[in-house]
Amino acid sequence: MTIARVALDVPVACLFDYAAPSLGRECIGKRVLVPFGKRQIVGMVMEIANQPSISPQRIKPVSFVFQDIPAIPAKTLALFRFCSDYYHHPLGQVVMNALPSRLRRNKPITQNANRWFDLTETGRRVDLSTIPAINVLRRKLLERLKTEGALEIHEARKIAASAQKSLNEFTELGWVQEIAPPAISESRAIPAPELNAEQEQVLRPIRMGEFACWLLFGVTGSGKTEIYMSLISQALVKGKQALFLVPEINLSPQLEALLKMRFPQCRVVCLHSGLNEGARLENWLLAQSGQAQIILGTRLAVFTPIPNLGVIIVDEEHDASFKQQEGLRYSARDVAVYSAKQANVPVILGSATPSLESYQHALSGRYNMAILSRRAPENAALPPLRCIDIRRAKLNEGLSETLIAALKERLQRREQSLIFINRRGYAPVLMCCACAWISGCSRCSSRLVLHLREKQLRCHHCGHEECVPSACPNCGNVDLIPLGQGTQRVESALSDLFPSARILRIDRDTTRRKAMWPGMLKSIQEQQVDILVGTQILSKGHDFPNLSLVGILNADSSLYSTDFRASERLFAQLMQVAGRAGRADIPGEVLIQTQFSDHPLFEALRRNDYSAFAETLLAERRHAGLPPFMHQALLRAEATRSSTVMNFLADAAKVASRVDHEVTVYDPVPAHMPRLAGRERGQLLVQGASRKKLQAFLNDWYPKLTEKAGKKVRWALDVDPLDF
Ligand SMILES: [Zn+2]
Ligand SMILES: [Zn+2]
């Protein structure tokens, strides 16, 4: 009896047996349709066995084997298994969620990518004016074919979503024919700039075709991108593919353009959650078939099967968005390292402010360290940084006189300024002066943020929105005041102070629509903006050559936070924001408004000395017994009643103490935000001195948790949690 063991997208940590008399090992990695309960669902064959693991009478046959795409390679399947084991997440869910959504559907797919179309002789003779004006898109397509020649289906769809239909019609009319993909010319490549001595030195020891993890620690503007480009080029020369992971792709359109310009002979595809289903599938297939040589993507791209992988790059490796916060709570950075090891290729983790985990690995020799300590010649010196003590300063809507004067100076010199405040909205809370009522979210233990322009109170955690009340809901007093500052308030204060200045606010509210950001970026680069006000969106890798002043507001709350990672993050953020000032030939300046101007964090920033700061933090963490010296897992639970949550966690702690391993099990506590979107939340931390011991413990503990949890509790294990 031949049995196919199938991974299914169900929350059960096992594979399911189906009879498959005609299947052999070549079907491992293929999608199949199988009966599950009363439904037919799509799964993936993970193993072929001779013996069923359940009674043979209960085994049903596989209904259908999809032959539309080649099987997922064994290496990718092994990567899924590793993730399932390490993060303690059901294998079926790991596998199925790693696939583009169209591959999870009960329908074979048709492959469209890399199909080219050109006009026939008849087509060339068609007079555009004979096409009724109402068919705008058909006209556009024909016009494009006439003026620029052959085009690929992907490009056609950009002109019109229904392009495929029009092209079919044109083909029937004999106007258009499908042609073989044309060879791509290599002439357009823009040449690589010459590397400086330091860059050469960094590149020399990195070998293709050999696993090594490199931490590329390079100050902002030191030319990390050139190192990446060089390595990609080395991989391409050997006929290999490159995987390039970035935290957020919509924010870095420059990178895609750069890759395309530098490697015009190659196909560059993007993979991120902002793509529509069709485009994501197409790009995934191009990567999986080896037709795309460069795969640029966010964390989810790390699961793409890449048959000829030659190098992996993880840019801004410290960025928290590499960690998924729901479902499979994986770190794409760590998975990338595993994946590189599996493929025996180098992986480069780049950052100006490495995560303490990676930094410690580099210090201990587990990773190799490569350092770029100088800004490349086209970049000026790092800007001087000054703290403004706001305990003594008089503030105007949160802005000190020193900062206002500095802004004025930039306006006069026609240079740009940036005000960084990591809080969107107008004010973080609305308060009643009479009874001290504050605007709280009814579904979360958080406050509602005042968005004045939209006349709304919004919860930034659950998305709840309501109108701004005209009087206090508690006492009826009409005197409600906004407390604290957000981007909107700073924006309006600045337009009062500088009525003729052109001010642009950049936060998640103004960049929500995808198309907005490139336009904004362009207006900044074309000098149509004098003052930028924004959140951490602005800290990510953009060059603003005319920017000479950065003002930082409200950084203090992170200095003494209960989250032990807060200062590491603040440093990274401030360093990145500060790095925006004074590139090119205009000297820059950074002003930080703070109540703690002699805090060591600012001192380290001033000296631009991340290493010293990181070493201080590492010493503290070692002393306190925290990561990276300890390994953690967090059991997260939620339910409608808090007693259900706490009882489950208490039970979980009790069974944990019976599991004999060298790990510390802490007491169950309410989550940092105990109530979210109407659900009560709690957590239980376990910690071990070695990864291995912690994993051994989790292996024993996990099945017991499954037994203990009733239907009322939703729970998940978060291995290597970043947020508490
Ligand atoms: Zn009141
Ligand atoms: Zn809420």
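Shown above is the structure to which this text applies.
All of these numbers come straight from a predicted model, not from anything done at the bench.

Criteria and thresholds
- Residues numbered from 1 in each chain as written.
- Chains lettered and ligands numbered in written order.
- Predicted model: local features only at pLDDT ≥ 70, side-chain atom pairs only at ≥ 80, totals over all residues.
- Heavy atoms only, no water.
- Phe/Tyr/Trp six-rings, centres within 6.5 Å; stacked < 30°, edge-to-face > 60°.
- Helix = DSSP H or I, 4+ residues; strand = E, 2+ residues; numbered from the N terminus.
- Buried < 20%, exposed > 50% of the residue type's maximum accessible area, 1.4 Å probe, protein only.
- Core = buried A, V, L, I, M, F, W, Y, C linked by side-chain atoms within 4.5 Å.
- Contact = heavy atoms within 4.5 Å.
- Salt bridge = Lys/Arg side-chain N within 4 Å of Asp/Glu carboxyl O.

## Details of the packing of aromatic side chains
Taken as a whole and assessed by the stated rule, the structure comprises 19 aromatic pairs. When the centroid spacing of 4.6 Å and the interplanar angle of 15 degrees are considered together, the rings of F571 and F613 count as stacked. Highlighted residues: F571 in helix α16 (residues 566-578) and F613 in helix α18 (residues 610-624), separated in sequence by 42 residues. Given a relative accessible area of 0%, F571 falls into the buried group. Since its relative accessible area comes to 7%, F613 is described here as buried. Members of the aromatic cluster, joined through ring pairs, are F217, Y359, F571, Y610 and F613.

## With respect to the nonpolar core
Grouped burial of nonpolar side chains is what soluble globular proteins tend to show. Counting 140 residues, the largest nonpolar core has F303, L574 and W701 as the members making the most contacts within it. The leading source of residues in this core is helix α19 (residues 642-658), at seven residues. The contacts of W701, once residues within four sequence positions are left out, are L635, A652, V655, A656, L684, V686 and L717. Among the nonpolar cores identified, the runner-up in size contains 32 residues, and M229, L231, I249 and I294 belong to it.

## Description of the pattern of salt bridges
Applying the stated criterion to the full structure yields 48 salt bridges. Between R105 and E277 there is a salt bridge whose closest N-O contact spans 2.6 Å. Residue R105 is found in the loop between α2 (91-98) and β6 (116-119), and its partner E277 is found in helix α10 (residues 277-288); the two are separated by 172 residues along the sequence. Ionic pairing is found between R636 and D718, a salt bridge with its closest N-O pair at 2.8 Å. Taken as a pair, R636 in strand β29 (residues 631-639) and D718 in strand β33 (residues 714-719) lie far apart in primary sequence, 82 residues in all. Residue classification places D718 among the buried positions, given a relative accessible area of 0%.

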